[in-house]
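# Understanding the architecture of this molecule
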Amino acid sequence: MLVPGTNLLIAASKKGTVYVLNTANLGHMTPNNDGAVQTFEADGGRVKGGPALWDGSAGRIVYLWAETDFIKAFRLGDHGLETTPVAKGIIPNH
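Computed from a predicted structure; not experimentally measured.

### A look at the sheet that holds strand β1 (residues 8–12)
Across a sheet, strands are paired by hydrogen bonds formed along the backbone, either parallel or antiparallel in direction. The strand order across the open sheet formed by 3 strands is β1-β2-β3, and the pairing between neighbours is antiparallel. Each edge of the sheet is formed by a strand with only one pairing partner; in this case those strands are β1 and β3 (36–41). In this sheet, neighbouring strand axes are inclined to one another by 15 degrees on average, regardless of whether the strands run parallel or antiparallel.

Following this line, the structure appears as structure tokens:
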């Protein structure tokens with residue numbers, strides 16, 4: 001997901017890793033995550049669907065739903081996502 005008005009791109013892998021990338025500096029040909037602004041593991045395994053963004057009055061919130069977890073909301077700041085969710089759903093993804 002490209003974050004409007006920024007150079008940030010947010011993606012997640014089938015292994016459950018969440019990536020925040022700067023589209024102006026993707027790391028070129030490096031074989032590792034050195035070009036990432038931020039990486040962290042999403043509890044619950046694979047994130048099969050893409051992230052969703054809500055740009056509300058309390059700031060930007062990114063929603064992620066991992067394969068065996070509840071949907072979670074993460075606050076988005078200027079330099080990435082807060083890794084502690086600000087909200088969590090009650091219905092598990094199976």
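### Looking at the packing of aromatic side chains
Tallied over the entire structure, the rule returns 1 aromatic pair. Taken together, a centroid distance of 5.7 Å and an interplanar angle of 55 degrees make the contact between Phe40 and Phe74 tilted. Remark: Phe74 occurs in strand β6 (residues 70–77) and Phe40 occurs in strand β3; sequence separation between them is 34 residues. For the pair shown, Phe40 and Phe74 are each scored as buried.

### Regarding the side chain of Asp69
Structurally, Asp69 is set in the loop between β5 (59–64) and β6. Under the relative-accessibility criterion, Asp69 is labelled buried at 9%. Within polar-contact distance, the side chain of Asp69 engages the side chain of Lys72 at 2.9 Å. If sequence neighbours within four positions are ignored, Asp69 has contacts with Asp43, Gly44, Lys88, Pro92 and Asn93.

### A closer look at the pattern of salt bridges
Once the charged atoms of two side chains with opposite charge are near each other, the side chains can pair. Per the counting criterion, the structure on display carries 4 salt bridges. Here Arg46 and Glu67 are joined by a salt bridge, their closest N and O atoms 2.6 Å apart. Of this pair, Arg46 sits in the loop between β3 and β4 (52–56) while Glu67 sits in the loop between β5 and β6; the two residues are 21 residues apart in sequence, bridging distant segments of the chain. Given the relative accessible area of 33%, Arg46 is considered partly exposed. Close ionic contact of Asp55 with Arg60 constitutes a salt bridge, the shortest N to O distance being 3.4 Å. Among the charged side chains, a network of salt bridges with common partners joins Asp43, Asp69 and Lys72.

Scoring rules and cut-offs
The written sequence of each chain sets the order in which its residues are numbered from 1. Thresholds applied to this predicted model are a pLDDT of at least 70 for local features of residues and 80 or more for the giving and counting of side-chain atom pairs; totals over whole chains, interfaces and linings are not thresholded and use all residues. Here the side-chain values reflect all heavy atoms present in the structure, with hydrogen atoms and water set aside. Pairs of strands are assigned from DSSP output, requiring at least two bridges between the strands. Note on conventions: DSSP H or I runs of at least 4 residues are helices, E runs of at least 2 residues are strands, and numbering of each starts at the N terminus. Note on method: axes are straight lines fitted to C-alpha atoms, helices fitted across the in-contact stretch only, with angles between N-to-C directions ranging 0 to 180 degrees. When two rings of Phe, Tyr or Trp (its six-membered ring) have centres within 6.5 Å they constitute a pair, described as stacked for plane angles under 30 degrees, edge-to-face for angles over 60, and tilted for the intermediate range. A 1.4 Å probe rolled over the protein chains alone gives each residue an accessible area, and that area as a share of the maximum for its type sets the label: buried under 20%, exposed over 50%, partly exposed in between. Under the rule applied, a polar contact is a pair of N or O atoms within 3.5 Å (in protein, one hydrogen donor and one hydrogen acceptor; residues adjacent in sequence only if both atoms are side-chain atoms). By definition, residues are in contact when any of their heavy atoms lie within 4.5 Å. We define a salt bridge as a contact between a side-chain nitrogen of Lys or Arg and a carboxyl oxygen of Asp or Glu at a distance within 4 Å.

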